[in-house]
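Below are the chains, spelled out letter by letter.
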Amino acid sequence: TQEVAYDSLLLRQRKALHQAAGLAIEEIYDGRLEEQLELLTFHYSRAENWAKAVTYGREAAEKASRLGRFAEAVAMLEQAEAWSSKLEHGTERDQQTIQILLAQERHCETLGMRERQQALIDRVFSLLPSTADQSLLAETLVRQAELRTLLGHFDEAEAALDRALSIRRAQSDLKGERVVLRTMGFLHWRQGRYEDAVACVKTAQSIDLNQNDSNAYAKDLTSL
């Protein structure tokens, strides 16, 4: 009965009702929207409110990831990527698409999907020139380096990290620099270059102290 009633509606009526449902859920569950992320994603995608569908889709994927449902997170991010392509073309859309692709890549790393990781990273690199975003470039270079390290391609990993480190230092981005240094430490450890690995971690620790970040310092102390 529900399906027959639904199919009898004109497309514009369906979209309006899904939009109304999404707005009602936002109002009723204000302050605890996490409980309804999947439903909000469903309604706004059917309403063709692509901006909200992408936003809630990404949040739903993060929720699935926190619960260890990585394959589900990847599937949701694939949908969010498709919806993002329907947004108005521009730098903001490309940046959002890149973030979605990088989130997919991280989950694929957890799932051991190496070929899929590289394909996603390649797609990110193809989009980066349109954004001219050096921070995103540095982040992508680190992702590339992590993958190449896992695959044993150490020279390629080191070249990517050297470039990322140069970008972060040019930006005076200490937190970004710390991420690069940690990845360099991991690379050098895999290479058996233990003194270089220790030097990277100690430099990261100096940034932790500069930022008064005790949690990060504890993490780097464990790595050391």
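A brief look at the structure comes next. Model, not experiment: these values are computed from the prediction.

Digging into the overall build of the protein chain
Counting secondary structure elements, the protein chain contains 12 helices and zero strands. Starting at the N terminus and ending at the C terminus, the protein chain contains elements arranged as α-α-α-α-α-α-α-α-α-α-α-α. On the principal axes, the C-alpha backbone points of the protein chain span a range of 70 × 35 × 30 Å. The proportion of buried residues among the 224 residues of the protein chain is 41%. Restricting to contacts in the protein chain with at least 6 residues of sequence separation, those with at least 24 account for 51%. Roughly 12,300 Å² of accessible area belongs to the protein chain as shown, and the carbon and sulfur atoms make up 51% of that amount. Counting 28 positive and 35 negative side-chain charges, the protein chain places the averaged centre of each group 1 Å from the other.

Topic: the packing of aromatic side chains
The geometry of two aromatic rings is summed up by the distance between their centres and the angle between their planes. Tallying each qualifying case throughout the model produces two aromatic pairs. For the ring pair Tyr44 and Tyr56, a centre distance of 5.9 Å and an interplane angle of 10 degrees mean the geometry is stacked. A residue pair is termed long-range when its members are at least 10 positions apart, and Tyr44 in helix α3 (residues 37-46) and Tyr56 in helix α4 (residues 50-66) qualify at 12 residues. An identical accessibility class is assigned to Tyr44 and Tyr56; each is buried. Stacked on the ring of Trp50, the Lys or Arg Lys86 has its end atom at 5.3 Å from the ring centre.

Description of the environment of Val74
Locating Val74 in the fold gives a position in helix α5 (residues 70-84). Along the sequence, Val74 and Ala64 sit 10 residues apart, while their C-alpha atoms lie 9.2 Å from each other. The residues touching Val74, leaving out its near neighbours within four places in the chain, are Gln104, His107, Leu111 and Arg116.

Let's talk about the nonpolar core
If you look at the biggest cluster of nonpolar residues, it comprises 26 residues, and the most contacted ones within it are Leu161 and Val180. Only α6 (91-111), α7 (114-131), α8 (134-150), α9 (154-170), α10 (174-191) and α11 (194-210) provide two or more residues apiece to this core. Setting aside residues up to four positions removed in sequence, Val180 forms contacts with Val142, Leu161, Ala164, Leu165 and Arg168. Residues Tyr56, Ala64, Met76 and Trp83 belong to the second largest nonpolar core, which totals 18 residues.

Quick word on the packing of α11 against helix α12 (residues 214-223)
Running from amino to carboxyl end, α11 crosses α12 at an angle of 165 degrees, the nearest separation of the two axes being 9 Å. Classed by the angle they form, the pair α11 and α12 counts as roughly antiparallel. For the crossing formed where α11 meets α12, the hand is left-handed. For the pair α11 and α12, the contacting residues are Val201, Ala204, Gln205, Asp208 and Leu209 in the first and Ala216, Tyr217, Asp220, Leu221 and Ser223 in the second. Classifying every residue of the contact of α11 with α12 by side-chain character gives six nonpolar, two polar and two charged.

A closer look at α4
Compared with the 24 Å implied by 1.5 Å per residue over 17 residues, the 24 Å span of α4 between its first and last C-alpha is a close match. Burial in α4 covers these residues: Trp50, Ala53, Val54, Tyr56, Gly57, Ala60, Ala61, Lys63, Ala64 and Ser65. Just past α4, the residue Gly68 takes up positive phi, approximately 80 degrees.

Cut-offs applied
Residue numbers run consecutively from 1 along every chain, following the written order of its sequence. The predicted origin of the model limits local features to residues at a pLDDT of at least 70 and limits the giving and counting of side-chain atom pairs to 80 or more, whereas totals for whole chains, interfaces and linings rest on all residues. Side-chain measures here rest on the full set of heavy atoms in the structure, leaving out hydrogens and waters. Helix and strand assignments come from DSSP, with helices taken as H or I runs of at least 4 residues and strands as E runs of at least 2, each series counted from the N terminus. Accessible area is worked out with a 1.4 Å probe on protein chains only. A residue is then buried under 20% of its type maximum, exposed over 50%, and partly exposed in between. Contact between two residues is taken to exist if any of their heavy atoms lie within 4.5 Å; hydrogens are not considered. Per-residue accessibility takes into account occlusion by the displayed protein chains alone, with areas from the Shrake-Rupley method and a 1.4 Å probe. Note that His is not counted, nor are the chain ends; the positive residues are Lys and Arg, and the negative ones are Asp and Glu. Just so you know, the charge point we use is NZ for Lys, CZ for Arg, CG for Asp and CD for Glu. Note on aromatic pairs: the rings of Phe, Tyr and Trp (six-membered ring only in Trp) are paired at centre separations within 6.5 Å, and the planes decide the class, stacked below 30 degrees, edge-to-face beyond 60, tilted for the rest. Charges are assigned to positions over rings by a cutoff of 6 Å between ring centre and Lys NZ or Arg CZ, combined with an angular limit of 35 degrees from the ring normal. Nine residue types can take part in a nonpolar core, namely buried Ala, Val, Leu, Ile, Met, Phe, Trp, Tyr and Cys, and a core is a set of them joined through side-chain atoms within 4.5 Å. To obtain each axis, a line is fitted to C-alpha atoms, and for helices this fit is confined to the stretch in contact; angles are then taken between N-to-C directions over 0 to 180 degrees. Angles below 35 degrees are treated as roughly parallel, those above 145 as roughly antiparallel, those between 65 and 115 as roughly perpendicular, and all remaining angles as oblique. In this scheme, a crossing is called left-handed if the near helix is turned counterclockwise away from the far one by less than a right angle; it is called right-handed if the turn is clockwise. As a working rule, the residues Ala, Val, Leu, Ile, Met, Phe, Trp, Tyr, Cys and Pro are called nonpolar, Asp, Glu, Lys and Arg charged, and the rest polar, with Gly in that last group. In this scheme, a helix's expected span is set at 1.5 Å multiplied by one less than its residue total.

Note that all results are geometric; they support no functional claim without further evidence.
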